[in-house]
Amino acid sequence: MHRQNSDLKIRKARPQDAEIIYKTELFYAQKSGYLVSRPEDLRLENYQNLINDLLTEENGIYLVATLNDLYLGHRFPRMDVYVKALKLLPQGL
C-alpha cells in the first residue's frame with residue numbers, strides 16, 4: 001500500500017532522542033536472543049553521552065529513522081569498524 005504524504009527521514013540522532021533509543025534497547029534487551037546487552041547493563045546517561053560525543057566527533061554517527069515524525073528505529077554504525085573492514089577488501093572492489 002502506498003501512502004501519500006509519508007515523510008520518511010533518516011537523520012543524525014539528537015540529544016532528545018536518547019530516551020527513546022534507551023527505551024527501545026531496554027525493550028529488546030529484555031527479550032532473550034535479541035541483544036548481547038542485559039537490561040541492567042543499559043543506562044540512559046550512556047546514550048545521552050554517546051549521542052553528544054558523536055555530534056562533535058568524526059569516528060561514528062548515530063542515525064534515527066522517523067516516519068511522519070514518529071520514531072521507527074536507530075542505528076549506530078561505527079566508522080572505525082567500517083574503515084578497517086574496507087582495508088581488508090581486495091583492491092578494485
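Everything here concerns the structure above.
Residues numbered from 1 in each chain as written. Predicted model: local features only at pLDDT ≥ 70, side-chain atom pairs only at ≥ 80, totals over all residues. Heavy atoms only, no water.

Engineer: Just checking my understanding: could you explain empty space enclosed by the protein for this structure?
Structural biologist: Using a probe with the size of a water molecule, rolled over the atoms, empty space left in the structure can be pinpointed. Here the structure, examined in full by the defined rule, presents 1 cavity of 30 Å³ or more. Within this model, the largest cavity holds a volume of roughly 40 Å³. Taken together, Lys12, Ala13, Ile51, Leu54, Leu55, Ile61 and Tyr62 make up the lining of the largest cavity. Considered class by class, the residues forming the lining of the largest cavity number 6 nonpolar, no polar and 1 charged. (1 Å grid on protein atoms, 1.4 Å probe; cavity = no way out; pocket = protein on both sides within 12 Å on 5 of 7 lines; lining within 4 Å. Points joined across faces, edges and corners; volume = space filled by probe spheres on them. Nonpolar A, V, L, I, M, F, W, Y, C, P; charged D, E, K, R; others polar.)

Engineer: Can you walk me through the sheet that holds strand E2 (residues 63-67) in this structure?
Structural biologist: Taking strand neighbours across the sheet as the criterion, the 3 strands line up as E1-E2-E3 in an open arrangement whose pairing is antiparallel. Pairing within the sheet leaves two strands with one partner each, and these edge strands are strand E1 (8-12) and strand E3 (70-75). This sheet shows a mean twist of 25 degrees between the axes of neighbouring strands, independent of strand direction. Taken together, the 5 bridges between E2 and E3 define a ladder with antiparallel strand orientation. In the strand pairing of E3, Thr66 is matched with Tyr71. (Pairing = 2+ DSSP bridges. Helix = DSSP H or I, 4+ residues; strand = E, 2+ residues; numbered from the N terminus. Axes fitted to C-alpha atoms, helices over the stretch in contact; angles between N-to-C directions.)

Engineer: Got a minute to help me understand the pattern of salt bridges in this structure?
Structural biologist: A side chain of one charge can pair with a side chain of the opposite charge when the charged atoms of the two come close. What the rule picks out here adds up to 5 salt bridges. For the salt bridge of Glu40 with Arg38, the shortest nitrogen-to-oxygen distance reads 3.3 Å. Residue class for Arg38 comes out partly exposed when judged on its relative accessible area of 47%. The partner of Asp41 in a salt bridge is Arg38, and the shortest N-O contact between them spans 3.3 Å. (Salt bridge = Lys/Arg side-chain N within 4 Å of Asp/Glu carboxyl O. Buried < 20%, exposed > 50% of the residue type's maximum accessible area, 1.4 Å probe, protein only.)

Engineer: Is there a simple way to explain the nonpolar core in this structure?
Structural biologist: Generally speaking, a soluble globular protein has its nonpolar side chains buried in company with each other. Core analysis: the largest hydrophobic core is formed by 12 residues, namely Ala13, Ala18, Ile21, Tyr22, Leu26, Ala29, Leu42, Tyr47, Ile51, Leu54, Tyr62 and Val64. Secondary structure elements with two or more residues in this core: helix H1 (18-29) and helix H2 (44-56). With residues near it in sequence (within four places) discarded, Tyr62 still touches Arg11, Lys12, Ala13, Ile21, Tyr47, Leu50, Ile51, Leu54, His74, Arg75 and Phe76. (Core = buried A, V, L, I, M, F, W, Y, C linked by side-chain atoms within 4.5 Å. Contact = heavy atoms within 4.5 Å.)

Engineer: What's the story with the environment of Gln16 in this structure? I'm lost.
Structural biologist: If you trace the backbone, Gln16 turns up in the loop between E1 and H1. The sequence separation of Gln16 and Gln48 amounts to 32 residues, and the corresponding C-alpha distance is 8.1 Å.

In short, shape yes, function no, at least from these values alone.
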